[in-house]
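Observations on chain architecture
As a plain string of letters, each chain reads:
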Amino acid sequence: MVADIPKPTTNGTTGRKDHQGEDKCGDSGEELVALILSEGAKLPIDFKQPFLLPAWFDKEKFHRGQRFFNNNYFALFVAKLSGLLTILAVESILKVLILTGKSSEPLTAFRRYLDTIVNMVDWYEGDICNPNSVCRKSLLTIRARHCGANKSSSAAGFGPITQRDMAITQFGFMGFPVLCSEKLGIQPTNEELEGFIHFWRVIGHLLGINDRLNLCRGDVESTRAACRKILSDVLVPALETPVKDFPPMANALLNGMWAMVPFLQAEAFMDFTRHLCGIPQPTELRTLYSRMILQIQLFVHSVLLTRYYLAVIFRPILNFQMWLAVFMTPKFPLLAFLTFGRNICTTETHYQLQPTMLTAS
């Protein structure tokens, strides 16, 4: 018997009803993570999943997630950089990144992660409901790149990119704001977190994450429990006993992104990330400068963004500064030019895709 192929509806969804219902999760967060780590480790990323909004898509929740990002631009960028740093410690993800050869040095890391940021901003600011929008084209581009990386990884003998890898990567983009918003200086309402989680559930679906294995498929509490389990069972052990390739890749990421955020100091930010993870600082930072930068960062998040009478002044200022850096760097990468010389080039996002790129081997 041939299964029925879901047909697009007028609102751009697949027309299917989610077997779990809208944002309902039959499993607890811990049960979901157990499923991700067991079954998800055996299932490759689903490139044949229709590139359509799912039936459970909620436009209002999605827009609420977009507004949450724009209201907390600075803090969420810090959270996402820490998230990217933590997932580098996962060996299966790290191998694929090393294989691509696009983030092993500060220059290539700057190009790669600036491009990631530009695409992510397109998702947060774009019209997800319009199939011809920059937002949807950006997602299609990332999906094609994942397909290429998947083929390269399989050819190199590392195996395909799995649903487990995708769910852990999903944590890198949304886990810390859900799990430890107070450490970041964010005071979200339950409705804001619900919208933020729904946003990343939709993004994950469009990038090929199976709905059953989507880290954001539940409500706020179950998603928080799932993130806590991913952190404790996968990311903290990986950070505490890192593989040999992690330190140089982490330094490449942080030293590369200095060209966008000049107050970023690799050793200090690594310790701030450990702070978010709840990992004790192993030794005192080596230099006075790195200790000073760490204390300033902790002060910004624990005081300037937390105390109301200070937050109403400093949150808009910090949000604007981060927005300006994101806006200016792709167009006028002055710090990158001073750091890397003429080898630097501005980020280019290519939306012209070959049909074969979207077909899994």
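Some points on the packing of helix α3 (residues 73-87) against helix α13 (residues 288-304)
Any two packed helices are characterised by the angle at which their axes cross and by the distance between the axes. Across the interface, α3 lies against α13 with an axial gap of 12 Å and an inter-helix angle of 130°. Relative to α13, the element α3 is oriented oblique. In this structure, the crossing between α3 and α13 has a hand that is left-handed. Of the residues in α13, those in contact with Phe 74, Ala 75 and Val 78 of α3 are Gln 297, Val 300 and His 301. In terms of residue class, the contact of α3 with α13 is made up of four nonpolar, two polar and no charged.

As for the packing of α3 against helix α7 (residues 163-179)
For the pair α3 and α7, interaxial distance at closest approach is 7 Å and the crossing angle is 145°. Considering only the axes of α3 and α7, their crossing is right-handed. Residue-level inspection shows Leu 76, Ala 79, Lys 80, Ser 82, Gly 83, Leu 84, Thr 86 and Ile 87 of α3 in contact with α7, the latter providing Ile 168, Thr 169, Gly 172, Phe 173, Phe 176 and Pro 177. Tallied by class, the residues present in the contact of α3 with α7 amount to eight nonpolar, five polar and one charged.

Side note on the side chain of Gln 170
Tracing the sequence through the fold places Gln 170 in helix α7. Gln 170 gets classed as buried once you look at its relative accessible area, which sits at 4%. In terms of polar contacts, Gln 170 uses its side chain to reach the backbone carbonyl oxygen of Trp 200, at 3.0 Å. A polar contact of 3.1 Å, which involves the side chain of Gln 170, links it to the backbone nitrogen of Leu 215.

What counts, and where the lines are drawn
Residues numbered from 1 in each chain as written. Predicted model: local features only at pLDDT ≥ 70, side-chain atom pairs only at ≥ 80, totals over all residues. Heavy atoms only, no water. Axes fitted to C-alpha atoms, helices over the stretch in contact; angles between N-to-C directions. Helix = DSSP H or I, 4+ residues; strand = E, 2+ residues; numbered from the N terminus. Parallel < 35°, antiparallel > 145°, perpendicular 65-115°, else oblique. Left-handed = near helix turned anticlockwise from the far one by under 90°. Contact = heavy atoms within 4.5 Å. Nonpolar A, V, L, I, M, F, W, Y, C, P; charged D, E, K, R; others polar. Buried < 20%, exposed > 50% of the residue type's maximum accessible area, 1.4 Å probe, protein only. Polar contact = N/O pair within 3.5 Å; in protein donor to acceptor, adjacent residues only side chain to side chain.

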